[in-house]
Amino acid sequence: MQRTEKDLLGELRGRLAEISDLAGTAAILSWDQSTYMPAGGAPARGRQLALMSRLAHERRTDPELGRLIDVLKSYAEKLPADHDDAALIRVAARDFAKAIRVPTAFVERFSAHQSTAYDAWTRARPANDFASMRPLLERTLELSRQYAEFFAPYQHIMDPLIDDMDEGMTCASVRALLVELRAALSGLVRAITEKPAIDDRCLHGNFAEAPQIDFGLGIATAFGYDLARGRLDRTHHPFCTRFSGGDIRITTRVYPDDLTQALFSTLHEAGHGMYEQGVAAALDGTPLGSGTSAGVHESQSRLWENVVGRSLGLWGHFYPRLQAAFPDKFKNVPLETFHAAINKVEPSLIRTEADEVTYNLHIILRFDLELAMLEGRLAVKDLPEAWRARYQSDLGLSSPDDRDGCMQDVHWFGGSIGGAFHSYTIGNVLSAQFYAAALRAHPEIPAEIAEGRFSTLKGWLDQNLYRHGRKFEADELVRRATGEPMTIRPYMDYLTRKYGELYRLAPAALATRA
Ligand code: ZN
């Protein structure tokens, strides 16, 4: 009996839903590991996560799945390209073709190593102990190279690692973007650092932890982060994770002496969370049911955290509430002082605490270092020294130790080397490009933000980005939403306008982009 296309599509959806559920289950285990798991759970958790990734990989590479996709390709070709079913079959085919390149045993081995390295890093970083991490990191580099080899031939060994994060991009295209941006930023950074420093003392002191969390979450829910399908917990390294379309969680960290940590990490993760919550329900449980690329994802965290969350308009509305939440802190601090403080530009050692203008310099040097490691030009043992040299040359800073040097970010220690950081900069660039496009469609957005209303902006993002999930690749999504490919122009316009005003920069000082 001939099975109909409808039957086959039903079977495909069933198989993909199980893969999605395995990924969701692995996400639950990771979330628990980073939030509530006692230290004693680490060895078993590493095994459990490795088992989950093996099971998921076995299903992703099941030859039956491949045959099913092959049969359905002719059906997909009869549909319009932007039909949900056509996109589903296209993306499932792409995922399958990639997955079968990597042996299951390797996936399990790499996952187990990543858990071990992450666990060791959580102890080695506070102890400033790079020596103990060195063999683990050398193994990570070796495994990252082996992973890339499965995708040979490639133009550059970093290409497969970049493609996993930002499908369609390559080492060459990322490098071109970073080189262009670095040149464009240099004049702005120089002009600002020649100005007197902004006084940000109002952000430091002793802030009770519960009101910090409540206040950040209050803005996140005003943005549109839905607590009926999400929650906020505390962790070392804030993140957002998807268990299913109905359960998308975010985490934050609280520093009693720094108001900005919990506040802006909550807004950042809420941006990721709203993107995931906004994916059309019909795509849930399929490979389309998540954000399209790491870079586009980061554009949403950056848009809400920075473009909206650090704007004068937003704080015109929320500042009186902040003053009420911390009455003895901000009673005598004018709004403009607070707004300047949260936008202070200052070269600093820690990426996650960097301001909008210098942030990308942190990314560019990490990209260069992981490129050098992958290409074999830099040995792991020489990483701390190379790191210090780049912070000196690029940001004019000497890093006192490895804890706040090359060990500060989890990425290399709990993941792979290569493709780990560039998405943040793509996100910064796209955040301004998307926001500018939303403003062209709805010029009333800034006035609404000044009244604490975000539904027009959120609605535009839902309509043009979120609901599509992975239906369109990043490049196509950007073109559809903004009318052009990714460009640094709106981002540089945004930075020069905002920081030109804040630092009263003469237009001539900014004329570096000609
Ligand atoms: Zn992020």
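Values in this document were obtained by computation on a predicted structure and should not be read as measured data.

Draft legend 1. The arrangement of the overall build of the protein chain in detail. For the protein chain, the count of helices and strands is 23 helices and three strands. A compact globule built from 514 residues should have a C-alpha radius of gyration of about 24 Å, and the protein chain, at 23 Å, falls within 12% of that. C-alpha extents for the protein chain along the principal axes are approximately 80 × 55 × 50 Å. The proportion of buried residues among the 514 residues of the protein chain is 57%. By sequence separation, contacts in the protein chain at least 24 residues apart represent 72% of the contacts at least 6 residues apart. Carbon and sulfur atoms make up 53% of the accessible area of the protein chain, which amounts to about 21,400 Å² in all. Averaging the locations of the 59 positively and 68 negatively charged side chains of the protein chain gives two centres separated by 0 Å.

Draft legend 2. Expanded view of empty space enclosed by the protein. Per the stated rule, a full pass over the model turns up two cavities of 30 Å³ or more. Around the largest cavity sit Arg302, Asn306, Glu356, Tyr359, Asn428, Ser431 and Tyr491, which together line it. Of the voids in this model, the second largest cavity is the one considered here, and its volume is about 30 Å³. Along its surface, the second largest cavity is lined by Gln212, Phe215, Leu259, Ala262, Leu263 and Leu322. Here the lining of the second largest cavity is built from residues that sort into five nonpolar, one polar and no charged.

Draft legend 3. Structural detail: the domain arrangement of the protein chain. For the protein chain, the domain assignment lists domain 1 (5-124) and domain 2 (171-510). Residue-level contacts link 27 residues of domain 1 with 30 residues of domain 2. Contact between domain 1 and domain 2 buries roughly 2,300 Å² in total, counting both sides, with carbon and sulfur atoms accounting for 60%. Taken together, the connections running from domain 1 to domain 2 amount to four salt bridges. A salt bridge links Lys471 to Asp84; its shortest N-O distance comes to 2.8 Å. For the interface between domain 1 and domain 2, the tally reads eleven residue pairs in polar contact (both at pLDDT 80 or more). Mapped by element, the contributors of at least two residues to the side of domain 1 that touches domain 2 are helix H1 (5-35), helix H4 (84-99) and helix H5 (104-124). Top element by residues in the side of domain 1 that touches domain 2 is H1. It accounts for ten residues. Tallied by class, residues from the side of domain 1 that touches domain 2 come to 15 nonpolar, six polar and six charged.

Draft legend 4. Broad picture of the environment of Ala341. Inspection of the secondary structure puts Ala341 in helix H14 (residues 335-341). Looking at Ala341, the relative accessible area reads 5%, which means it is buried. For the pair Ala341 and Phe106, spaced 235 residues apart in the sequence, the C-alpha separation amounts to 48 Å.

Draft legend 5. Highlighting the sheet that holds strand S2 (residues 240-244). Pairing within the open sheet is mixed, and its three strands lie in the order S1-S3-S2. Both outer strands of the open sheet, strand S1 (232-234) and S2, are each paired with one neighbouring strand and no more. Taken over all neighbouring pairs, the strand axes of this sheet differ in orientation by 30° on average, direction set aside. Note that S1 and strand S3 (residues 247-252) share three bridges and pair parallel. Bridge pairing in S3 links Arg234 to Thr252. Contacts between helix H10 (residues 259-278) and the sheet are confined to S1, S2 and S3, with S3 contributing the most and set at about 165° to the helix.

So, how was this worked out
Residues numbered from 1 in each chain as written. Predicted model: local features only at pLDDT ≥ 70, side-chain atom pairs only at ≥ 80, totals over all residues. Heavy atoms only, no water. Helix = DSSP H or I, 4+ residues; strand = E, 2+ residues; numbered from the N terminus. Rg over C-alpha atoms; globule rule 2.2 N^0.38 Å. Buried < 20%, exposed > 50% of the residue type's maximum accessible area, 1.4 Å probe, protein only. Contact = heavy atoms within 4.5 Å. Areas by Shrake-Rupley, 256 points an atom, 1.4 Å probe, with all protein chains shown as cover. Lys, Arg positive; Asp, Glu negative; His and termini not counted. Charge placed at Lys NZ, Arg CZ, Asp CG, Glu CD. 1 Å grid on protein atoms, 1.4 Å probe; cavity = no way out; pocket = protein on both sides within 12 Å on 5 of 7 lines; lining within 4 Å. Points joined across faces, edges and corners; volume = space filled by probe spheres on them. Nonpolar A, V, L, I, M, F, W, Y, C, P; charged D, E, K, R; others polar. Domains from an automatic or database assignment. Buried area = accessible area lost by both parts, 1.4 Å probe. Salt bridge = Lys/Arg side-chain N within 4 Å of Asp/Glu carboxyl O. Polar contact = N/O pair within 3.5 Å; in protein donor to acceptor, adjacent residues only side chain to side chain. Pairing = 2+ DSSP bridges. Axes fitted to C-alpha atoms, helices over the stretch in contact; angles between N-to-C directions.

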